[in-house]
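Chain residues, written in single-letter form:
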Amino acid sequence: MTSTALFDVSGKTVVVTGGSRGIGLMIAHGFVTAGATVIISSRKSEACDDAAAQLSALRAEGAGTCLAHPADLSTTAGLESLAERVADVAPRLDVLVNNAGAVWSAPIDEFPDSAFDKVLNINVKAVFSLTQRLLPQLRAAATVQDPARVINIGSTDGLVVPASDTFSYVASKAAVHMLTRKLAANLARDHITVNALAPGAFPTKMMAHLLDDPARLRWLVEGVPLGRMGEPQDIAGAAIFLSSRAGAYLTGTVIPVDGGFSGAS
């Protein structure tokens, strides 16, 4: 097998939740560029449609295509709506990337109960619920040599203790990592692999408060052994690896994509 074939994901059908910006958009862009058909979802309709149009424009360069389906995955209606759209578009689903998420920060004395409800609902419950709803399509695509893939987006904040007061977020990402392992153990018999990526510092809206402050940004980068923030191709490459023949024998793993940050902490 050639190295090109080893990492080939062209022709695969991929769902990326939270795909209109940040990590999700980076991953969706990588898959479209690699020739996949990508369905993105996000809560905001206009942002979802704009991102899909932007990615579909890459077709002129020989890439794949992108479809938009706005959905609020914190609700049962949103989950069912996306699952129904996927079933209509792709009776066989090769890759599901559970990326949609929320964060909340407040001092411990002021941290509201509602912050746990909101963050764990979208960051953990929705990961399980959407995967459950898309199992028929994932099973239809799965084979021994080319399993269907579920990729959950965790965080280094679920591996090491951050300085921020994001109590529900860190708990949710640690839960995502364990849920990944449990799903992997359960779905292996169906030839569906389940892995997690744990991104470190990437230029996303969540990091805007650091990106806009040169001193804090310098402090952040100095804590990364490789000496830089992550770039879009870093996280997209990891997702494509897990989705290609090269990653077909991995399941139940949590892979830090963080320039060595979590290992050095």
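Structure first, text after, so check above.
Let me sum up the structure you'll find in this document. (Residues numbered from 1 in each chain as written. Predicted model: local features only at pLDDT ≥ 70, side-chain atom pairs only at ≥ 80, totals over all residues. Heavy atoms only, no water.)

### Quick look at the overall build of the protein chain
Stage number 1. Broken down by element type, the protein chain carries 11 helices and 7 strands.
Stage number 2. Taking 2.2 N^0.38 as the reference for a compact globule, 265 residues should give roughly 18 Å; the C-alpha atoms of the protein chain span a radius of gyration of 18 Å, in line with that estimate.
Stage number 3. With the C-alpha coordinates aligned to their principal axes, the bounding extent of the protein chain is approximately 50 × 40 × 40 Å.
Stage number 4. The burial tally for the protein chain puts 47% of its 265 residues in the buried class.
Stage number 5. Counted over contacts in the protein chain with a minimum sequence separation of 6, partners at least 24 positions apart contribute 73%.
Stage number 6. By element, 55% of the accessible surface of the protein chain is carried by carbon and sulfur atoms, the whole surface being about 12300 Å².
Stage number 7. Between the averaged position of the 21 positive side-chain charges in the protein chain and that of its 24 negative side-chain charges there is a distance of 6 Å. (Helix = DSSP H or I, 4+ residues; strand = E, 2+ residues; numbered from the N terminus. Rg over C-alpha atoms; globule rule 2.2 N^0.38 Å. Buried < 20%, exposed > 50% of the residue type's maximum accessible area, 1.4 Å probe, protein only. Contact = heavy atoms within 4.5 Å. Areas by Shrake-Rupley, 256 points an atom, 1.4 Å probe, with all protein chains shown as cover. Lys, Arg positive; Asp, Glu negative; His and termini not counted. Charge placed at Lys NZ, Arg CZ, Asp CG, Glu CD.)

### Looking at the sheet that holds strand β7 (residues 254-257)
Stage number 1. What the 7 strands build is an open sheet, ordered β3-β2-β1-β4-β5-β6-β7; its pairing is parallel. The outermost strands of the open sheet, each flanked by one partner alone, are β3 (65-68) and β7. Taken over all neighbouring pairs, the strand axes of this sheet differ in orientation by 20° on average, direction set aside.
Stage number 2. Across the face of the sheet, helix α7 (residues 167-187) comes into contact with β5 (148-153), β6 (192-199) and β7 while running at roughly 165° to β6. (Pairing = 2+ DSSP bridges. Axes fitted to C-alpha atoms, helices over the stretch in contact; angles between N-to-C directions.)

### Observations concerning the pattern of salt bridges
Stage number 1. Under the criterion given, the structure shown has 5 salt bridges.
Stage number 2. A salt bridge links Asp146 to Arg149, with the shortest nitrogen-to-oxygen separation between them at 2.8 Å.
Stage number 3. One network of salt bridges, in which partners are shared, links Lys12, Asp146 and Arg149. (Salt bridge = Lys/Arg side-chain N within 4 Å of Asp/Glu carboxyl O.)

### Overview of the packing of aromatic side chains
Stage number 1. Under the criterion given, the structure shown has 2 aromatic pairs.
Stage number 2. Seen in terms of ring centroids, Phe111 and Phe116 are 5.6 Å apart; in terms of plane orientation they differ by 70°. Their pairing is edge-to-face.
Stage number 3. The buried category is assigned to Phe111, whose relative accessible area is 13%.
Stage number 4. Relative to Phe167, the ring of Phe111 has its centre 5.4 Å away and its plane inclined at 85°; by these criteria the two rings are edge-to-face. Of the two residues, Phe111 is situated in the loop between β4 (95-98) and α5 (113-133) and Phe167 in helix α7; the sequence distance between them amounts to 56 residues. (Phe/Tyr/Trp six-rings, centres within 6.5 Å; stacked < 30°, edge-to-face > 60°.)

### Topic: the side chain of Asn123
Stage number 1. Among the secondary structure elements, Asn123 is positioned in helix α5.
Stage number 2. Excluding its chain neighbours within four sequence positions, the residues that come into contact with Asn123 are Ala100, Gly101, Ala102, Tyr169, Ser172, Lys173 and Val176.

### Let's talk about the nonpolar core
Stage number 1. By size, the foremost hydrophobic cluster in this structure holds 33 residues, and its most contacted members are Ile27, Phe31, Val38, Ile40, Val97 and Leu197.
Stage number 2. Of all the secondary structure elements, the ones that give two or more residues to this core are β1 (13-17), α2 (22-33), β2 (37-41), α3 (45-56), β3, β4, β5 and α10 (232-243).
Stage number 3. At 7 residues, α2 tops the list of elements feeding residues into this core.
Stage number 4. Core analysis: the second largest hydrophobic core is formed by 30 residues, Ala102, Ile122, Leu183 and Val194 among them. (Core = buried A, V, L, I, M, F, W, Y, C linked by side-chain atoms within 4.5 Å.)

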